[in-house]
Amino acid sequence: MVVPFSDKTQHEAKAFERTKQSFCLPDGIIYLDGNSLGPLPKGVSERVATAVEEEWGGKLIRAWNEADWIDLPTRVGNRIGAMIGAEPNAVVVADSTSINLQKALAAALQLRPERKVLLSDSGNFPTDLYMAQGLIAALGDGHQLKVVSPDEVEDALDDSVAALMLTEVDYRTGRLHSMKALTAAAHAVGALTIWDLAHSAGALPVDLAGCKADFAVGCGYKYLNGGPGAPAFIYGRPDLVDRIKPLQSGWMGHKAPFAFELDYIPAEGADRMRVGTPPILSLTALDAALDVWDGIEIDTVRAASISLADLLIDEIERRCAGFGLRLASPREGDRRGSQVSFHFDEGYAAIQALQAQGVIGDFRAPDLMRFGITPLYIGEAEIIAAAAGLETVLKDRLWDQPNLKTRAKVT
Ligand SMILES: *Cc1c(COP(=O)(O)O)cnc(C)c1O
């Protein structure tokens, strides 16, 4: 049956009405920074309180078995895996994205011992490059990190490349790489791929298995709303993962942690990418936060995200013409992730002034005002109000105050 468009739209609006009610958002705030720190879903506080009081407080160490804490990294990993097209049990939740990236890099280099080049692009998030630099220095094996511009990646692939390490969605501009095409191009020259999904998971459809991606990592605290410093996830292609000798060979990734053997033997499957004791309280918060997604199709979220971002671009360009703003994001929705950025010389101060109007976006050096689009709790009304707020900031030069120009530690 073909669903008439209006019914479908209404159905989607209803779905997001429900999800919007699922978040604790302060009154008077329009939150366009869920790409950096997702807001608090209702139910998280209670679930964490239960884990603290009943599980930790009441069951004490017995909770590792009785509350099944020990398998929480895999349970939550499977929930995230289902959102990013991973095979069952191919994702575990552990550590931070930075650390997971280094695990994946080490694995990829190990699987291509005769190759020395690690290829990435200048749109990558700095920690990814830093972790690669640190690993290369520690290995001392003549590896080289080659960083090209995003549109030169495909041409830079050749048979010297051991691994291609990319973030799918550029954290500054929102430019989206084609995971499918670049993974195929990497495989065609015998290279492996490592995808950072920090701005993809929970933002757009990802098909790791369909793209035959080799490794992937991503954050729990951005579009997945797991809370500040929520543990990250790591994916390893099931047919590769059993060939990895983990760089961080910790006891939680051992085949039999409680046999307490003197030598490391890796667990089977993705479990070998675990290292130490999992942060149960943070994992519980992330697990509870994922309940928001029950019954929500990521394709629906993606369609809404594109149309809301298009609307934001139109509204800002119409209202704020003549103030020196310049769109930094791709104009075509299918070439963008779920954010919109504008260049503006006084971007930092403007973002501060906009916050004073109740609209929270963020600033990325050198001059980007960045707005995350999260349809779970942002709709057309919020987008229009945010653009109107920015118009006020620019027309009334509200940014032009010395106290707004001093940068805080975290921008
Ligand atoms: C946010 C982000 C990270 C953060 O890594 P942490 O280890 O969680 O601090 C890594 N990579 C990308 C692409 C990001 O956007």
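Residues numbered from 1 in each chain as written. Predicted model: local features only at pLDDT ≥ 70, side-chain atom pairs only at ≥ 80, totals over all residues. Heavy atoms only, no water.

1. Overview of the nonpolar core
Here's step 1: Residues Ile84 and Leu208 are the most contacted members of the largest nonpolar core, which totals 90 residues.
Here's step 2: Here the element with the most residues in this core is helix α12 (residues 298-319); it accounts for eight residues.
Here's step 3: Per-domain counts for this core show at least three residues from each of domain 1 (5-31 + 296-405) and domain 2 (47-293).
Here's step 4: Setting aside residues up to four positions removed in sequence, Leu208 forms contacts with Ile84, Gly85, Ala86, Met179, Leu197, Ala213, Ala216 and Tyr235.
Here's step 5: Residues Ala162, Val241, Ala270 and Met273 belong to the second largest nonpolar core, which totals 29 residues. (Core = buried A, V, L, I, M, F, W, Y, C linked by side-chain atoms within 4.5 Å. Buried < 20%, exposed > 50% of the residue type's maximum accessible area, 1.4 Å probe, protein only. Helix = DSSP H or I, 4+ residues; strand = E, 2+ residues; numbered from the N terminus. Domains from an automatic or database assignment. Contact = heavy atoms within 4.5 Å.)

2. Here we look at the site of the ligand
Here's step 1: Surveying the vicinity of the ligand reveals 13 residues, the closest of which are Ser98, Asp196, His199, Tyr221 and Lys222.
Here's step 2: Contact between the ligand and Asp128: a nitrogen atom at 3.2 Å from a side-chain N or O atom of the residue.
Here's step 3: Note that an oxygen atom of the ligand is positioned 2.7 Å from one of the side-chain N or O atoms of His199.
Here's step 4: Look at the ligand: alone it shows 390 Å² of surface, and the protein chains cover 86% of it.
Here's step 5: When grouped by side-chain class, the residues that make up the shell around the ligand number four nonpolar, six polar and three charged. (Near = heavy atom within 4 Å. Polar contact = N/O pair within 3.5 Å; in protein donor to acceptor, adjacent residues only side chain to side chain. Areas by Shrake-Rupley, 256 points an atom, 1.4 Å probe, with all protein chains shown as cover. Nonpolar A, V, L, I, M, F, W, Y, C, P; charged D, E, K, R; others polar.)

3. Some remarks on the pattern of salt bridges
Here's step 1: On inspection of all chains with the given rule, the structure shows 27 salt bridges.
Here's step 2: The partner of Asp294 in a salt bridge is Arg79, and the shortest N-O contact between them spans 3.6 Å. Highlighted residues: Asp294 in the loop between α11 (280-289) and α12 and Arg79 in helix α4 (residues 72-83), separated in sequence by 215 residues.
Here's step 3: Accessibility expressed as a relative area gives 47% for Asp294, which makes it partly exposed.
Here's step 4: Linking Asp141 and Lys116 is a salt bridge whose minimum nitrogen-to-oxygen distance equals 3.3 Å. You can see Asp141 sitting in the loop between α6 (126-139) and β6 (144-148) and its partner Lys116 sitting in the loop between α5 (97-111) and β5 (117-121), a full 25 residues away along the chain.
Here's step 5: For Lys116, a relative accessible area of 29% translates into the label partly exposed. (Salt bridge = Lys/Arg side-chain N within 4 Å of Asp/Glu carboxyl O.)

4. Remarks on the state of the cysteines
Here's step 1: Applying the stated rule across the entire model yields zero disulfides.
Here's step 2: Residue Cys211 stays outside any disulfide, its sulfur separated by 20 Å from that of Cys219, the closest cysteine.
Here's step 3: Under the relative-accessibility criterion, Cys211 is labelled buried at 12%. (Disulfide = S-S within 2.5 Å.)

5. Concerning the sheet that holds strand β14 (residues 362-364)
Here's step 1: Taken together, the four strands give an open sheet; going across it, the order is β11-β12-β15-β14, and neighbouring strands pair in antiparallel fashion. Every interior strand has two partners, whereas the edge strands, β11 (326-327) and β14, have only one.
Here's step 2: Where strand β12 (residues 339-343) and strand β15 (residues 368-372) come together, five bridges link them in antiparallel fashion. Note on β15: the bridge partner recorded for Gln339 is Gly372.
Here's step 3: Where helix α13 (residues 347-356) meets the sheet, its contacts fall on β14 and β15, and the angle it forms with β15 comes to roughly 40 degrees. (Pairing = 2+ DSSP bridges. Axes fitted to C-alpha atoms, helices over the stretch in contact; angles between N-to-C directions.)

6. Side note on unusual backbone geometry
Here's step 1: Ala365 connects to Pro366 through a cis peptide bond whose omega is 5 degrees.
Here's step 2: Tracing the backbone through its elements, the reader meets Pro366 in the loop between β14 and β15.
Here's step 3: Although it is not a glycine, Leu60 adopts a positive phi angle of roughly 55 degrees.
Here's step 4: Looking at where Leu60 falls in the secondary structure, it is placed in the loop between α2 (44-59) and α3 (63-66).
Here's step 5: Given a relative accessible area of 52%, Leu60 falls into the exposed group.
Here's step 6: The phi torsion at Asn225 lies on the positive side, around 60 degrees, for a residue other than glycine.
Here's step 7: Of note, Asn225 is situated in the loop between β9 (215-218) and β10 (233-236).

7. Structural notes on the packing of α4 against α11
Here's step 1: Relative orientation of the contacting elements α4 and α11 amounts to 25 degrees, with a least axis distance of 10 Å. In terms of orientation, α4 lies roughly parallel with respect to α11. Our pair here, α4 against α11, has a crossing hand that is left-handed. Touching Leu72, Pro73, Val76, Arg79 and Ile80 of α4 are Ile280, Leu283, Thr284, Leu286 and Asp287, all from α11.
Here's step 2: Broken down by class, the residue content of the contact of α4 with α11 amounts to seven nonpolar, one polar and two charged. (Parallel < 35°, antiparallel > 145°, perpendicular 65-115°, else oblique. Left-handed = near helix turned anticlockwise from the far one by under 90°.)

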